[in-house]
Amino acid sequence: MSHPFNGLVIGQAGRATRALLDRLLQEANTDFPTWVALVLLSDTDIPEDELTDRLATRLKVDRADAALTVTGLAEEGLTTPGATLTEQGRARFQHISDGVDSIAARLYGDLNADEKDTAGRVLALVTARAEAELAA
């Protein structure tokens, strides 16, 4: 059976997978902005001001909203002043990351490499075009 490739199908897939992520985040007592900040900090330390800017850009929110998330990280003990992940922050990131990997394995695990590659390229292109339109 053939399925159309259009914005509706892309949106449905995005909303369904986001709902699974939101369930995982709720179980980990973590909101989406906090998760995005943990992801940004997972590879490297980022100065607090830069984290705020990157978070605002990634979440498409104003800087003040991003700053509240960054402040909340420290208040929860997930970062030290200056936005370095604490042991608790690293543990929370790893727990959620493991859950995301498990979801991905269930959803994409049986797709062959060519299907994954094609889907990745197409979705990256659609995302880049949407980002460019938003920036214009």
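This section reports on the structure supplied with the text.

Regarding the overall build of the chain
- Across its full length, the chain carries six helices and two strands.
- Traced from its N-terminal end to its C-terminal end, the chain shows the element sequence α-α-α-α-β-β-α-α.
- Overall, the chain is about 55 × 35 × 25 Å in size when its C-alpha atoms are taken along their principal axes.
- Among the 136 residues that make up the chain, the fraction classed as buried is 26%.
- Restricting to contacts in the chain with at least 6 residues of sequence separation, those with at least 24 account for 52%.
- A total of about 9,000 Å² of accessible surface is found on the chain, and carbon and sulfur atoms cover 56% of it.
- The distance from the centre of the 13 positive side-chain charges to the centre of the 22 negative ones in the chain is 5 Å.

Some details on the environment of L59
- Residue placement: L59 occurs in helix α3 (residues 48-59).
- Since its relative accessible area comes to 17%, L59 is described here as buried.
- A C-alpha to C-alpha distance of 24 Å links L59 and L107, two positions 48 residues apart in sequence.
- Setting aside anything within four residues of it in sequence, one finds L59 in contact with F32, P33 and V36.

Parameters at a glance
- Residues take numbers from 1 onward in each chain, read along the sequence in its written order.
- Residues qualify for local features only when their pLDDT is at least 70, as the model is predicted, and side-chain atom pairs are given and counted only at 80 or more; totals for whole chains, interfaces and linings, by contrast, use all residues.
- The side-chain figures draw on all heavy atoms in the structure; neither hydrogens nor water molecules are used.
- Numbering of helices and strands starts at the N terminus; helices are DSSP runs of H or I of at least 4 residues and strands are runs of E of at least 2.
- Residue exposure (1.4 Å probe, protein chains only): buried if accessible area is under 20% of the type maximum, exposed if over 50%, otherwise partly exposed.
- Here, residues are in contact when the closest pair of their heavy atoms is within 4.5 Å.
- Per-residue and other accessible areas follow the Shrake-Rupley method at a 1.4 Å probe size, with only the shown protein chains counted as cover for residues.
- Just so you know, the count uses Lys and Arg for positive and Asp and Glu for negative, and it drops His and the chain ends.
- Taken as the charge location is NZ of Lys, CZ of Arg, CG of Asp or CD of Glu.

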